[in-house]
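Residues per chain are reported as follows:
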Amino acid sequence: MPVYFPREIIHAANGLAVGILGGGDKKLILKGDAYYQSYICHMPRSIMELVLDNHFEGFDGFIFPSICDVIRNLSGMFQLLERGSFVKYLDLPQNFKSHIGGEFYIHELQTVLKSVFDINGVSVTPERLNHSISLFNRNRELIHRIYAIRQDFPWRMTAADVYNIVRAGYVIPVEDHNAILEKVIALVIEENGEPLDKIRVLVMGAFCEQPPLGLIRTIEMAGCYIIEDDFLLGSRWIMGNIDTYTADPIKALTDAYLEKSTFSSSVYDVGNPKEVRLLELIKSRNVDGVIFAAPSFCDPALLDHPILQKMCNDRNIRFISFLYSENTGQFKVIKEQVGTFSDSIKLWEEPLQLKK
Amino acid sequence: MSKDVAKERSMIIQKEMIANHFMELSTAKETGKKVVYTFVPGNISELILSFGMLPVYPEINALQSGMRKKSGDYIRDAEQHGHSEDVCTYVKCDVGMMINGNIGPTGEKIPNPDLLLLSYTGCFTFLKWFETLERLYPGVPVALLHTPYQEAHKITPEMTAYMVKQLKEEVIPKMEQVSGNKYDEEKLKAALRNSSKVEQHIINIFDTTKHRPSPIDAYFAGVYYIGPINSGFRGTPQAVDYYAELYKEIRERIENKLGPITPEGVMEEERFRLVVEGPPNWTHFREFWKLFYDMGAVIVASSYTKVGGVYDMGFRVNPDKPLESLAEYCMNCYTNLNLQQRVDLLSKCITDYHADGFLVNSIKSCNSFSAGQLMIMQQLEKKLEIPIGFIESDLVDPRYFSYSNIKNRLESFFQMLEQRKMIIKTA
């Protein structure tokens, strides 16, 4: 389940962590709506549809990392449905001190490992976990490399293609995903295609419920290159590598969560203001504007927007915002809005000059 | 309906307590008392008061704004400042109130905070709310107390240890810094002794709905009963006196076989006994309540009155373990219970208080309550074969209170209860 889960521990326990990101725009919702009121976001109802249609029959357990009240209560619904051998709500600490939040997090991870051990009897040794961490380090490096190439040459690969390639990593073993990413890099490192007269944008707000592919395509077709985003944030959550030469890799994973997490609407940002982090990203990615695209009824993302948009206003950074849901099927209005945004920047704006 | 609506002594005491609290707040800057903003669920007021500071609860301000018909304008103002229509209206009401001068329910300005105590229990939006407040009051220190969720249907020693460490190393040092006073464990223990007595009184009070007729309404009047313990009086001798007096009055009502007091007097005929899940609507509170008492429906238990603490399952604060006790209190609040625990608790209420039906008031703003409510309904229907009703409204956004819609649904629900009674009677 999104947003962030340290998949390394499941890999080390000889398991496969599968990211459940909702039913998207492919799954017709019939039963899921009977479990959620109209004013609750779309993703949990499509997940209910999937589970009630037995799409998760082969799954051994379900882990719900803390994101918001809806996902927290969804964990309780899975418990009531009695699916899998275990259902765990992973309470990611909001205290970022090693001996306080860190110790609690270690216990949370050990609880998950115990549940997995009860299923397959695999003990996670430091060697196994160090190995798994190194594979996921490599995975993040490769994804970052693709984003870096796209920063300089966004015409070489569409944002929708990047999205699909990164999302594949949520359902296949990391070894296979790394091999795919390496092949992709070998392809996009060579020049191909022609640069078009598009603005460079950062898309923000899609950290949990994912936008439909059609929406990502629409933004790019309407005159933008998506240079940075918070889609599939979990795959890039840890900023940098995690130590792989340690006798206590659980602690290494914990330290990484405490010290190297990216910013997100699901993490309290005291002492680490999200508008400052966003500004750094805008500068480092050298974008022309920000598109705030959040799922309808998403309290965490939508409550961030006034804070982030104030920073944009104060810095004269252009932005637009709109809502979507994972099954949005009509993009005409969004295309017009994004197209106007793009045109207004291309035709009337001086390039954004922010001090690095 | 009897038209005797003379105020009882407990009502007068409560009114004075609340008025004095707001008076004290309004003069805090002159008296030098420090002000702490915090939340009702998991409100560790005993600790705040032990440092000589005054608590302010933004969601209480929001609900008061709702009852005073001011929330609609506040929400619109917050939306004009960029807040989405989709998000929690308590947050928007609070932001709007601040934009408009932060005038409290008594008409006096609520002082700015000296400390933002983010004790977030069972509601993720609290976290986002305080991120907003932190920017509205720049430079004010924030103390965060993360309350782990009871995901495994229990409180583990690790969860308690995590919270106690946060109290010792994050919360208490910041309180010392802001108040200028040292942590005094004896003061805290004394306050907890009062809380323990109050918790027992509260259980006794809400347990009186076992009687027929029920002497109280545990939802509409219940929200007044939980007022003092949820608005700054946890751990105070005034709270002990208030709840002792309230319990005494309710016992007198039982002796006299009196039904609950409503705004239009004593309810004379108890026709339906209900358990209600979810917070009430505040913008049309009286009209909402009237829909029930006009039909002779009394609420014998409600989950909302447990939002600031659940004592039904035996939990009481233990003054001998003050910090552990505060931690466990926070973890025991209703919205920090997982869905199975909520089903069990509601089931117990329905059975113990002989309810005829179960009603959900689903609140648009409150995912903490609302997400999962439909499954709770299914579980209770299956387990207890009890009639279930469902209505929708909002906390403080008047745009989401549809009187006719709610009335229609309630009338259908009451008809269903009536027919079921007839069937049971003839069976």
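Remember, it's a predicted structure, so these values are computed and weren't measured experimentally.

### Regarding the environment of Asn338(B)
And step 1. As for its placement among the helices and strands, Asn338(B) is situated in the loop between α14 (322-331) and α15 (339-352).
And step 2. Linking Asn338(B) and Gly122(B), residues 216 residues apart in sequence, is a C-alpha distance of 9.4 Å.
And step 3. Ignoring anything within four residues of it in the chain, the contact list for Asn338(B) reads Gln79(A), Tyr149(B), Gln150(B), Glu151(B), Ala152(B) and His153(B).
And step 4. Within the structure, the side chain of Asn338(B) is placed 3.1 Å from the backbone oxygen of Glu151(B), a separation counted as a polar contact.
And step 5. At a separation of 3.3 Å, a polar atom in the side chain of Asn338(B) contacts the side chain of His153(B).

### Considering the interface of chain A and chain B
And step 1. The partner chain B presents 56 residues to the 52 residues of chain A that form the contact.
And step 2. Roughly 4700 Å² is buried in total at the junction of chain A and chain B, and carbon and sulfur atoms are behind 57% of that figure.
And step 3. Put simply, chain A and chain B have 29 residue pairs in polar contact (both at pLDDT 80 or more) between them.
And step 4. For the side of chain A that touches chain B, the secondary-structure elements that each account for two or more residues are α3 (69-81), β2 (86-90), α4 (98-120), α10 (274-285) and α11 (299-314) of chain A.

### What about helix α6 (residues 159-168) of chain A?
And step 1. Looking only at α6(A), the buried set comprises Ala159(A), Ala160(A), Val162(A), Tyr163(A), Ile165(A) and Val166(A).
And step 2. Residues of α6(A) that are buried make contact with α5 (126-152), α7 (174-188), α8 (213-221) and β4 (224-229) of chain A.

### A look at the environment of Cys224(A)
Residues and elements named next belong to chain A.
And step 1. Mapped onto the fold, Cys 224 is located in strand β4.
And step 2. For the pair Cys 224 and Val 201, spaced 23 residues apart in sequence, the C-alpha to C-alpha distance is 6.3 Å.
And step 3. Once residues lying within four places of it in the same chain are set aside, the contact partners of Cys 224 are Lys 198, Ile 199, Val 201, Ile 219, Ile 291, Val 338 and Ser 342.

### Notes on the nonpolar core
And step 1. In terms of nonpolar packing, the biggest core is built from 215 residues, with Ile9(A), Met48(A), Phe78(A), Leu47(B), Tyr90(B), Phe292(B) and Phe358(B) touching the most fellow members.
And step 2. No other element matches the nine residues that helix α8 (residues 157-179) of chain B contributes to this core.
And step 3. Beyond its immediate chain neighbours, meaning those up to four positions away, Phe292(B) contacts Phe220(B), Leu274(B), Ala297(B), Ile299(B), Leu359(B), Leu410(B) and Phe414(B).
And step 4. In this structure, Tyr170(A), Ile185(A), Ala206(A) and Ile334(A) belong to the second largest nonpolar core, which totals 40 residues.

Thresholds, definitions, all that
The numbers attached to residues start from 1 for each chain and follow its sequence in the written order. Key to labels: chains lettered from A, ligands numbered from 1, both in the order written. Reporting in this predicted model follows two pLDDT cut-offs: at least 70 for local features of residues, and 80 or more for side-chain atom pairs to be given and counted; totals over whole chains, interfaces and linings ignore these cut-offs and use all residues. Derived side-chain values reflect all non-hydrogen atoms in the structure, with water molecules and hydrogen atoms excluded from consideration. Note on conventions: DSSP H or I runs of at least 4 residues are helices, E runs of at least 2 residues are strands, and numbering of each starts at the N terminus. Contact definition: two residues touch when any of their heavy atoms are within 4.5 Å. For this analysis, a polar contact is any N or O atom pair within 3.5 Å, provided that within protein one partner can donate a hydrogen and the other can accept it, and provided that sequence-adjacent residues contribute only side-chain to side-chain pairs. Computed with a 1.4 Å rolling probe, the buried area is the accessible surface lost when two parts are put together, summed over both parts. Each residue is assigned to one of three classes by its accessible area relative to the maximum for its type, calculated with a 1.4 Å probe on protein chains only: buried under 20%, partly exposed between the two thresholds, exposed over 50%. The definition of a nonpolar core used throughout is a set of buried Ala, Val, Leu, Ile, Met, Phe, Trp, Tyr and Cys residues joined through side-chain atoms within 4.5 Å.

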